[in-house]
Amino acid sequence: MERARNTFEDLIRKLENTSEAGLSFNEAEILKFLKVETKKQLDIFNKLEESIKEQKWGEALSNLLILVERINVSLLFLMQPTNYSILVSSKISSLFEEYLSVISQSISYSLLELRPNLKKIGIESITATVSANPPSINISMVVKE
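Residues numbered from 1 in each chain as written. Predicted model: local features only at pLDDT ≥ 70, side-chain atom pairs only at ≥ 80, totals over all residues. Heavy atoms only, no water.

Undergrad: Can you break down the packing of helix α1 (residues 2-17) against helix α5 (residues 93-114) residue by residue, with the values?
TA: The interhelical angle for the contact between α1 and α5, taken along N-to-C directions, is 160°, at an axis separation of 9 Å. Our classification of the angle between α1 and α5 gives roughly antiparallel. Considering how the two elements wind past one another, α1 and α5 form a crossing that is left-handed. Across the interface between the two elements, Arg3, Ala4, Thr7, Phe8, Leu11, Lys14 and Leu15 from α1 touch Leu95, Glu98, Tyr99, Val102, Gln105, Ser106 and Tyr109 from α5. (Axes fitted to C-alpha atoms, helices over the stretch in contact; angles between N-to-C directions. Helix = DSSP H or I, 4+ residues; strand = E, 2+ residues; numbered from the N terminus. Parallel < 35°, antiparallel > 145°, perpendicular 65-115°, else oblique. Left-handed = near helix turned anticlockwise from the far one by under 90°. Contact = heavy atoms within 4.5 Å.)

Printed below as a string of C-alpha cells:
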C-alpha cells in the first residue's frame, strides 16, 4: 500500500505545483477540485492503511467504502460531459489521467491487502468492478453467516 500512497502523494505535489495561470476558468476550477478531493482521498486511504495494519477490520471496511464513495462522487463530477470535454483537451489532461490511475491503484492495493484476511473479517469474498455509465467503482462483499 506504500506504493499507492506514494503515487497519491506524487499526484498531490503535481497538482499543487500546477499554476492556474494560463488555464481557463473551468480548467482552474477542475484543478482546484482535484487538489482538494485528492487530499481528502489520500487521508481516507491513510486511515484505511492504518486500520489494516492494526487489524481493525470493521474500521478498514468502513474506510474502504468511504474511499470508494468519495472516488465515485469525484468521477461523477469529472465525467460530466462539460467537464470531461474540458479535461481531454486541456493543459491538465495528464493530471486527470494520472488521477484515474491513482484511484484505480489505491482500490486495487486495498483489496489485495484485505483479501488474505477475509476469513478473520467474516467475509466470504470481496470484488471490485468498474462501470462506465455512470462512471463508478463498485465493491461487492459476501458476508459469512
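Undergrad: I'd love a proper account of the packing of helix α2 (residues 25-53) against helix α4 (residues 81-88), names of residues and values included.
TA: Where α2 contacts α4, the two axes come as close as 10 Å, and the packing angle between them is 95°. Overall, the two elements α2 and α4 adopt an arrangement that is roughly perpendicular. Residue-level inspection shows Asn26, Glu27 and Ile30 of α2 in contact with α4, the latter providing Asn83, Ile86 and Leu87. When the residues that make up the contact of α2 with α4 are grouped by side-chain class, the tally is three nonpolar, two polar and one charged. (Nonpolar A, V, L, I, M, F, W, Y, C, P; charged D, E, K, R; others polar.)

Undergrad: Quick one: what's the story with the pairing of strand β2 (residues 136-143), residue by residue and with numbers?
TA: Pairing analysis gives eight bridges linking strand β1 (residues 123-131) to β2, with the strands arranged antiparallel. Its bridge partner being in β2, isoleucine 123 is matched across the sheet by valine 143. Where β1 folds back onto β2 in an antiparallel hairpin, the turn is made up of four residues. (Pairing = 2+ DSSP bridges.)

Undergrad: Can you break down α1 residue by residue, with the values?
TA: Taking 1.5 Å of rise per residue, the 16 residues of α1 would be expected to cover 22 Å, and the 22 Å separating its terminal C-alpha atoms lies within 8% of that figure. Buried within α1 we find Ala4, Arg5, Phe8, Leu11, Ile12 and Leu15. For α1, the buried positions fall inside an angular range of 125° around the axis, keeping them on one side. Those residues of α1 that are exposed and aimed more than 90 degrees away from the buried face are Glu2, Arg3 and Asn17. Contacts made by the buried residues of α1 are with α2 and α5. (Expected span 1.5 Å × (residues − 1). Buried < 20%, exposed > 50% of the residue type's maximum accessible area, 1.4 Å probe, protein only. Arc of directions from axis to C-beta.)

As far as function goes, none of this settles anything; it's purely spatial.
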